[in-house]
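# Chains, contacts and geometry: an overview
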Amino acid sequence: MRAPLLQLTEAGLYCPRGDFFIDPLKTVPRAVITHGHSDHARPGMGAYLCHNDSIPILQHRFRGRGIFDGLQYSERRVVNGITLSLHPAGHILGSAQVRLEADGEVWVVSGDYKRQPDPLAPAFEPQQCNVFITESTFGLPIYQWPDVDDVMQEMHAWWRGNIERDMISMVQAYPLGKAQRLLFLLDRSIGPIYLHASVADMYMALRASGIDLPDAEILTAATPPSLLRSALVITPGMTDAERLGSSAMAMASGWMAVRAQRQRSPSGVGFVLSDHVDWPDLHRTIDETQAETVYVTHGYEDDVVRYLHEQGRDARPLAHLAIARR
Amino acid sequence: MHGHLPISLLHDGDRTMQRFTHLLAALERSRRPADVVRAVQTYANAVHDEELAAARTLLTQGMRKRIVPTTDLRAWTCDASGLQEHWIDRCLADVGNISETCALLIPAPLQHDPPSVTSVLAMCTAKRISSDERMVWVQQAWQCMHADERRVFNQILTGTFRPLIDAEVFDLAFDDMPLPVPLRTALPLPSDLASLGSIHDHVVEWLVEGSRVEVVMAAGRVMMWSSDHTIVHRDEITAHLRASMPSTTDMILDAMIVERNGGAQLIVLDLLRYDGVDQRGFPYTDRRHLLRTIPGIRCVEELECEAWSDLADHLAHARDHGHGGVVVKQREAWYDDEGALYAQHVAPYTLTAVLTYVQFLSEYRTPAPLLQCTFSVWKGAELVPLCKIDDTLRDDHAIDIAAWARKNIVDRFGPIRQVEAVRVFEIGCTQVAHAPRKKSTLQLRNAHVIAERADVRLDQISTIDSILRQL
Ligand SMILES: [Zn+2]
């Protein structure tokens, strides 16, 4: 039997025949990157291959250091006899699934992904494959995302209520991905939208690279609180809450689906908005790939594997790839 | 999955369960009376009177009667979700309660058309309903609701819906009773007293120790609020106020309830509203003058001071008069003026202690969490709990501690969480007394957090012996 196309090593997922890593954890000569989040794209690699839209993100995050090579979605690249291509993952700008093909066998690494629409990420395209490696951040059946319109309606009602109570609205969101998605989703007729410095940092970098983002104000130390009366501030944390005076804080995240997690969050208020697949979409996706074998990583591996076994599927936690060498 | 059943008997087209769920969310976010009243009014404007009455019953009395046993809830959830029962237990571990777990496991509604709260309560109280009929009804209702509505629905059915607010607070949304206003807090008196200006521009009063209350009198009624926005019921005080003042009185007082000789006494500190007029924008001298003209109330005693140096004398005698220190107020300041109110406790004791236990006092969150922290000191080689503090922790610091504590839980004892003993704080108190029955053998009075002391190591914090030496 042939060796598997991918192995799990200390440095992460490795393709021995192509001699490259996918989202490596340690410094390696060649890295294929699914998307620009810091738990997937790390600095210091010899060379990077990713989607074209991820390049400005990586360049910004690594302060320009690195050798970057970009692909379009579906563009094929042959590396030592392995045909590699990237396909939309719908997670954030530039996010991609990695498809590897050799001798008629196809492996797909999902990276992070979602099936809900995103203004900056083309819709996820399921790839038929023999082996599918899927994330499982929200891999429990309690995670079923509500309609985005309903969530935004709630957030807008909360924002309006805060204006009535003379409080600035602060929404905690990841600077890359969630923050830009919110910029598209928020209703500007309610009030101005401000970006906290570290959110603004990524916003300006993306704009400078030619990405079309809606206008937003930048929050600086000099912004007088009086200008923020009816504002909503997108912030990565609670950093500015004190300086700005009376403010209401909320978190936008998939974890907010569970009340106890909402109450455990620093603000106690949450809106269910996620850039990852929920439980129904996770299993719909697995079905659509028609994979014979599913490896599960990045979250609730054991639970998703257990459910797939109940469905009669061949599924394993990704850790098994480390000892699966035959 | 079972078939889609007709649901006409359930829905009222007004999405009232959704509105009720939104009301609950607003109450969870804030219990400030003004916010509660606003949320109740918004709800009342959107629903029928019958629905409002049902909401009032639930919010003020809760639903303690179990209509559906959890075994049924589980079985029906498996049926509706197609999941095996062990998934319920698996998810329960992450979610924490069965009503919400089941609510989250049901697939999204085909058509969002939730039942009215009235119809849910009617079903709960209906006699002569077979359990099969009830099952069909519950499963139909699930299919028309979002997860958060299903959670509330399940809580009602399983008798785990707890009362959230006092009926008196709910009813404030519908009468003309003025709402309490934020009470100001005193700053610590600066060590350089001259920096405050002339003593003659200030009034010096005793620092009264007791429970801070806001007394609202209007429409022949008297309501007292604590500083954390709950209603304080002290009949002897309210009865006395009602008896000694005309029923037309429209007034808000900043006051202190003092327990003395087995009875409670109200000591008035300031006047916030009089004759229907907000007084907070007038100088303190005017407010104080007006206060002295009101019969039937006792005001805080003013102290004579000719020079700042007289303050030390008063401080030295505060305990003899049963007071905790002195307060300095600017004569011409508005009520809310920053830096117009200073307080100095009698020679406060200080010590350093480590945070060892945390209790989240309220299941529902107010803007600042209601935390109770237990601080411990060394007794030999053992850390023993010395004091519990909740009052002074209601600020951003508390939010930080709450977030940290939740991540650093070592053990659980009922509602109390033991946390890793690493965060050291400087604690102040006005009195240390012997308490042989306590493990620490000490009892602190008015214990409060002065500051976090990251510079003090765990092995350097106070010991029982070092505290005793201070006495
Ligand atoms: Zn990601």
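Residues numbered from 1 in each chain as written. Chains lettered and ligands numbered in written order. Predicted model: local features only at pLDDT ≥ 70, side-chain atom pairs only at ≥ 80, totals over all residues. Heavy atoms only, no water.

### Quick notes on the overall build of chain B
Within chain B, the secondary structure is distributed over 15 helices and 21 strands. Projected onto its principal axes, the C-alpha coordinates of chain B cover approximately 85 × 65 × 40 Å. A buried classification covers 50% of the 471 residues belonging to chain B. Of the roughly 21,900 Å² of accessible surface on chain B, 50% is carried by carbon and sulfur atoms. Positive and negative side-chain charges in chain B, numbering 49 and 63 respectively, have mean positions lying 5 Å apart. (Helix = DSSP H or I, 4+ residues; strand = E, 2+ residues; numbered from the N terminus. Buried < 20%, exposed > 50% of the residue type's maximum accessible area, 1.4 Å probe, protein only. Areas by Shrake-Rupley, 256 points an atom, 1.4 Å probe, with all protein chains shown as cover. Lys, Arg positive; Asp, Glu negative; His and termini not counted. Charge placed at Lys NZ, Arg CZ, Asp CG, Glu CD.)

### A short note on the interface of chain A and chain B
Chain A puts 30 residues into the contact, and the matching count from chain B is 30 residues. Of all residues in chain A, Ile 142, Arg 165 and Arg 259 of chain A bury the most surface against chain B, accounting for 25% of the area lost on that side. Applying the counting criterion to the chain A and chain B interface returns four salt bridges. With a shortest N-O distance of 2.8 Å, Asp 303 of chain A and Arg 90 of chain B are connected by a salt bridge. Secondary-structure elements contributing two or more residues to the side of chain A that touches chain B are helix 2 (148-164), helix 6 (259-264) and helix 8 (301-310) of chain A. (Contact = heavy atoms within 4.5 Å. Buried area = accessible area lost by both parts, 1.4 Å probe. Salt bridge = Lys/Arg side-chain N within 4 Å of Asp/Glu carboxyl O.)

### Some details on the packing of helix 5 (residues 85-95) of chain B against helix 6 (residues 98-105) of chain B
Residue and element names in this part refer to chain B. Interhelical geometry of helix 5 versus helix 6 gives an angle of 120 degrees and a closest axis separation of 9 Å. Considering how the two elements wind past one another, helix 5 and helix 6 form a crossing that is right-handed. Listed contacts from helix 6 to Ile 88, Cys 91, Leu 92 and Val 95 of helix 5 are Ile 98, Glu 100, Thr 101, Leu 104 and Leu 105. For the contact of helix 5 with helix 6, the class distribution of residues is seven nonpolar, one polar and one charged. (Axes fitted to C-alpha atoms, helices over the stretch in contact; angles between N-to-C directions. Left-handed = near helix turned anticlockwise from the far one by under 90°. Nonpolar A, V, L, I, M, F, W, Y, C, P; charged D, E, K, R; others polar.)

### Observations regarding the domain arrangement of chain A
When the parts come together, some accessible area is lost, and that loss is often what is quoted as the size of the interface. Residues and elements named next belong to chain A. Partitioning chain A into domains gives domain 1 (7-142 + 276-323) and domain 2 (148-271). At the junction of the two partners, domain 1 supplies 18 residues and domain 2 supplies 17 residues. Contact with domain 2 buries area across many residues of domain 1, yet His 60, Leu 120 and Phe 138 alone supply 34% of it, more than any other trio. The tally of links between domain 1 and domain 2 comes to three residue pairs in polar contact (both at pLDDT 80 or more). (Domains from an automatic or database assignment. Polar contact = N/O pair within 3.5 Å; in protein donor to acceptor, adjacent residues only side chain to side chain.)

### Brief notes about the coordination of the zinc ion
All names here are of chain A. The protein atoms that coordinate the zinc ion are His 35 (NE2), His 37 (ND1), His 91 (NE2) and Asp 112 (OD), at distances of 2.2 to 2.3 Å. In this structure, the zinc ion is coordinated by four donor atoms arranged in irregular fashion, with angles at the metal of 90 to 165 degrees. Looking at Asp 112, the relative accessible area reads 2%, which means it is buried. (Donors = N, O, S within 2.8 Å, 3.2 Å for Na, K, Ca; no water. Tetrahedral: all angles 85-135°; square planar, octahedral: opposite > 155°, others 65-115°.)

### Overview of the pairing of strand 2 (residues 202-207) of chain B
Residue and element names in this part refer to chain B. Along strand 2, six of the six residues are buried, which leaves the element largely enclosed by surrounding structure. The sheet contact formed by strand 2 and strand 11 (residues 325-330) spans six bridges and is antiparallel. The partner of His 202 across the bridge, within strand 11, is Gln 330. Where strand 2 and strand 10 (residues 302-303) come together, two bridges link them in antiparallel fashion. Of the residues in strand 10, the one forming a bridge with Val 204 is Leu 303. (Pairing = 2+ DSSP bridges.)

### Concerning the pattern of salt bridges
Applying the stated rule across the entire model yields 39 salt bridges over all chains. The residue Arg 284 of chain A makes a salt bridge to Asp 281 of chain A at a minimum N-O spacing of 3.2 Å. In this pair, Arg 284 of chain A and Asp 281 of chain A both sit in helix 7 (residues 279-289), three residues apart, roughly one turn of the helix. Note on Arg 284 of chain A: relative accessible area 36%, which makes it partly exposed. Salt-bridge contacts for Glu 302 of chain B lead to Arg 288 of chain B; the nearest nitrogen and oxygen are separated by 2.1 Å. In this pair, Glu 302 of chain B is assigned in strand 10 and Arg 288 of chain B in helix 12 (residues 284-292), connecting sequence segments 14 residues apart. For Glu 302 of chain B, a relative accessible area of 32% puts it in the partly exposed group.

### A look at the nonpolar core
In terms of nonpolar packing, the biggest core is built from 97 residues, with Phe 20, Phe 153 and Ile 156 of chain B touching the most fellow members. With six residues, the top contributor of residues to this core is helix 2 (residues 33-46) of chain B. Residues contacting Ile 156 of chain B, with those up to four places away along its chain left out, are Met 17, Leu 58, Met 63, Lys 65, Val 120, Leu 121, Cys 124 and Phe 161 of chain B. Ranked by size, the runner-up nonpolar core spans 36 residues in total, among them Met 152, Val 171, Leu 182 and Leu 213 of chain A. (Core = buried A, V, L, I, M, F, W, Y, C linked by side-chain atoms within 4.5 Å.)

### What about the sheet that holds strand 12 (residues 341-345) of chain B?
All names here are of chain B. Ordered in space as 1-12-11-2-10, the five strands form an open sheet in which the pairing is mixed. The open sheet has two edge strands with one neighbour each: strand 1 (187-188) and strand 10. When strand 11 meets strand 12, the two strands line up antiparallel, connected through five bridges. The partner of Val 328 across the bridge, within strand 12, is Tyr 342. Relative to strand 2, helix 12 is tilted by about 55 degrees, and along the sheet it contacts strand 2, strand 10 and strand 11. Running over the sheet, helix 13 (residues 310-318) touches strand 2, strand 10, strand 11 and strand 12 and is turned about 140 degrees from strand 11.

### A few points about the sheet that holds strand 2 (residues 12-15) of chain A
Residues and elements named next belong to chain A. Strand order in this open sheet of six strands is 1-2-3-4-5-6, and the pairing throughout is mixed. Whereas interior strands pair on both sides, the edge strands pair on one side only; in this sheet they are strand 1 (7-9) and strand 6 (68-71). If you compare each strand with its neighbour and ignore which way they point, the axes differ by 30 degrees on average. Helix 1 (residues 54-61) rests against strand 5 (47-51) and strand 6 of the sheet, and its axis sits at about 140 degrees to strand 5.

### What about the state of the cysteines?
Residue and element names in this part refer to chain B. Tallying each qualifying case throughout the model produces zero disulfides over all chains. In this model Cys 144 remains outside any disulfide bridge; the closest cysteine sulfur is found in Cys 124, 16 Å from its own. With no disulfide of its own, Cys 305 lies closest to Cys 299 among cysteine sulfurs, the gap being 19 Å. Taking relative accessible area as the criterion, Cys 305 reaches 14% and is therefore assigned buried. (Disulfide = S-S within 2.5 Å.)

### Structural notes on helix 7 of chain A
Think of an α-helix as 3.6 residues a turn; residues three or four steps apart then line up on the same face. Residue and element names in this part refer to chain A. Among the residues of helix 7, Trp 279, Asp 281, Leu 282, His 283, Thr 285, Ile 286 and Thr 289 are the ones counted as buried. Of the residues flanking the start of helix 7, the one acting as N-cap is Asp 278, its side-chain oxygen 3.1 Å from the backbone nitrogen of Asp 281. Trailing helix 7 by a residue or two, Gln 290 shows a phi angle of about 55 degrees, which is positive.

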